Amino acid sequence: MNRFGICLIGSFVLPLSFAFAQQPQEATSPEYKKVFRFSIEEEIAAPAAKLTEMALEESKAWGADLVLVEMDTYGGAVDAADEIRTALLSHSTPVWVFVKNNAASAGAFIALACDSIFMRPGATMGAATVVGPDGEKVDEKYQSFMRAKMRETAERNGRNPNIAAAMVDGSVVVPGVN
């Protein structure tokens, strides 16, 4: 099955919003004519990192004006997520993510690296606490690292770093956010 899709459109609008999402592009912004789409719908691991690398290379070769990532994942490995995050942050064209249902854990980390975040009503994002193979929360050393990575990723895209940190640490309180 082909996991990449290419869309040719005159104007690209997703009428969805999220507390993290930046405001929709105003009428004065450029129109996106070539949109390159790919999906991350599996556990975040080495294959997802390779898929992302290949998709971003293909989008450049094709001359895409925008990359759209369709996401539905419960997360996975921090190292693979960080590899994907780095690739998205350094990509030369805007990258948007559409969360179909879930952007949990490593998925939330990856979504924060995208230029814009859109979510289907009822979709969820968060729960980025680092856990071990047994599913239990690992020690503070790792949590501190993940909080810092989440905060820095949010800040790079103009998002509230406290909300990103709260996804890792439930004791972080952000006024006005439940």
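Please read all numbers here as calculations on a predicted model, not as lab measurements.

About the thresholds
- Residues numbered from 1 in each chain as written.
- Predicted model: local features only at pLDDT ≥ 70, side-chain atom pairs only at ≥ 80, totals over all residues.
- Heavy atoms only, no water.
- Salt bridge = Lys/Arg side-chain N within 4 Å of Asp/Glu carboxyl O.
- Helix = DSSP H or I, 4+ residues; strand = E, 2+ residues; numbered from the N terminus.
- Buried < 20%, exposed > 50% of the residue type's maximum accessible area, 1.4 Å probe, protein only.
- Core = buried A, V, L, I, M, F, W, Y, C linked by side-chain atoms within 4.5 Å.
- Phe/Tyr/Trp six-rings, centres within 6.5 Å; stacked < 30°, edge-to-face > 60°.
- Right-handed = clockwise from strand over helix to strand, strands pointing away.
- Pairing = 2+ DSSP bridges.

Some remarks on the pattern of salt bridges
Working step 1: Tallied over the entire structure, the rule returns 9 salt bridges.
Working step 2: The residue Asp 82 makes a salt bridge to Lys 149 at a minimum N-O spacing of 3.3 Å. With a gap of 67 residues between them, Asp 82 in helix H2 (residues 78-89) and Lys 149 in helix H4 (residues 140-156) connect regions that are remote in the sequence. One exposure class covers both Asp 82 and Lys 149, and it is buried.
Working step 3: Here the residues in one salt-bridge network are Asp 82, Arg 85, Lys 149, Glu 152 and Arg 156, joined through shared partners.

A word on the nonpolar core
Working step 1: Ranked by internal contacts, the top residues of the largest apolar core, which has 44 residues, are Phe 38, Ile 44, Leu 88, Val 97, Met 125 and Met 150.
Working step 2: Top element by residues in this core is helix H3 (residues 106-112). It accounts for 6 residues.
Working step 3: Val 35, Trp 96, Phe 98 and Phe 118 belong to the second-largest nonpolar core, a separate cluster that totals 6 residues.

Looking at the environment of Leu 68
Working step 1: Position of Leu 68 relative to the elements: it lies in strand S3 (residues 66-73).
Working step 2: Sequence spacing of Leu 68 and Phe 38 is 30 residues, and the spatial spacing of their C-alpha atoms is 6.5 Å.

What to know about the packing of aromatic side chains
Working step 1: Applying the stated criterion across every chain yields a total of 1 aromatic pair.
Working step 2: Taken together, a centroid distance of 5.2 Å and an interplanar angle of 50° make the contact between Trp 96 and Phe 118 tilted. Of this pair, Trp 96 sits in strand S4 (residues 95-104) while Phe 118 sits in strand S5 (residues 116-119), and the two are 22 residues apart along the sequence. Here Trp 96 and Phe 118 have matching classes, each one buried.

Re unusual backbone geometry
Working step 1: For Ser 105, which is not a glycine, the phi torsion comes out positive at approximately 50°.
Working step 2: Looking at where Ser 105 falls in the secondary structure, it is placed in the loop between S4 and H3.
Working step 3: In this structure, Ala 127 is a non-glycine residue whose phi angle is positive, near 55°.
Working step 4: As for its position among the elements, Ala 127 is in the loop between strand S6 (124-126) and H4.

Describing the pairing of S4
Working step 1: In terms of residue burial, S4 counts as a mostly covered element, since 9 of its 10 residues are buried.
Working step 2: With H2 bridging S3 and the parallel S4, this β-α-β connection has right-handed handedness.
Working step 3: Once the chain exits S4 it traverses H3 before rejoining the sheet at S5, and the crossover so formed is right-handed.
Working step 4: The sheet contact formed by S4 and S6 spans 3 bridges and is parallel. Residue pairing across strands places Asn 102 opposite Thr 124, the latter belonging to S6.

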